[in-house]
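# Results of the structural survey
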Amino acid sequence: MHKKRMRQTLFLTEREIFMKELAELYSVYGIAGDYKEDVKIMLESLYNRTVFPEVPEAINRLSKKYEVIIASNTDTEPLLQNFDYNGLVFGKIYTSEGLMAYKPNPKFYLTILNECGYSPEEVLYVGDSCEEDIIAPSQLGIKTALVDRKKSGNEYGQTFSINDISQLCPILGC
């Protein structure tokens, strides 16, 4: 079997397992409704989301000095739709769907580093999930910034804590 096709088959199997497990959960917990329809509604809710107000300007400022790469635990199409809806343009976008790996799997981060030609020490990974955006990349030697919009003050070993994306600009000198 062709290598790419084999990876796609493995990824689809992972989705099929998810759907089977979801069906079992609906049954075990007596959840009324159609789990397939609920997943469809959930996926549709991913479209046309609005970014936080500071994001466009911050991304514009950061992009003048740094390569801003998107790495998201999502399907590609809804993410691209959201960028279009918000008028955001990025050169490189990586999704779990495209990489066939979900965060916090090290493959997710290592594939991006390899394809972009960066070492872990050259990258700052920014996100709002402690496990997926801070702990896992940190274990690979990647610097991290936790977007802590709720100002919880939690520490997960992040390099920086910020309340919104615009706070990266003074930290990174842009």
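Before going into details, it helps to say that this report is about the structure given with it. These figures come from a predicted structure and were not determined experimentally.

### A few points about the overall build of the chain
- A tally of helices and strands in the chain yields eight helices and five strands.
- Seen in sequence order, the chain has helices and strands lined up from the N terminus as α-α-α-β-α-β-α-α-β-α-β-β-α.
- The dimensions of the chain, computed from C-alpha atoms along their principal axes, are 50 × 40 × 35 Å.
- Out of the 174 residues in the chain, the part that is buried amounts to 31%.
- Within the chain, counting contacts between residues at least 6 apart in sequence, those at least 24 apart form 41% of the total.
- Counting 19 positive and 25 negative side-chain charges, the chain places the averaged centre of each group 5 Å from the other.

### Some details on helix α4 (residues 76-86)
- The set of residues buried in α4 consists of Pro78, Leu79, Asn82, Phe83 and Asn86. All buried residues of α4 project into a common sector of 140° when viewed along the axis, lining one side.
- Those residues of α4 that are buried lie in contact with β1 (69-72) and β2 (92-95).
- Downstream of α4 by a residue or two, glycine 87 has a phi angle that is positive, lying close to 70°.

### With respect to unusual backbone geometry
- For the bond running from lysine 103 to proline 104, omega is 10°, close enough to zero to count as cis.
- If you check the backbone angles, lysine 151 has positive phi at about 55° while not being a glycine.
- Considering the arrangement of structural elements, one finds lysine 151 in the loop between β4 (143-147) and β5 (160-162).
- Look at lysine 151 and you get exposed, because its relative accessible area is 61%.

Rules used throughout
- Residues numbered from 1 in each chain as written.
- Predicted model: local features only at pLDDT ≥ 70, side-chain atom pairs only at ≥ 80, totals over all residues.
- Heavy atoms only, no water.
- Helix = DSSP H or I, 4+ residues; strand = E, 2+ residues; numbered from the N terminus.
- Buried < 20%, exposed > 50% of the residue type's maximum accessible area, 1.4 Å probe, protein only.
- Contact = heavy atoms within 4.5 Å.
- Lys, Arg positive; Asp, Glu negative; His and termini not counted.
- Charge placed at Lys NZ, Arg CZ, Asp CG, Glu CD.
- Arc of directions from axis to C-beta.

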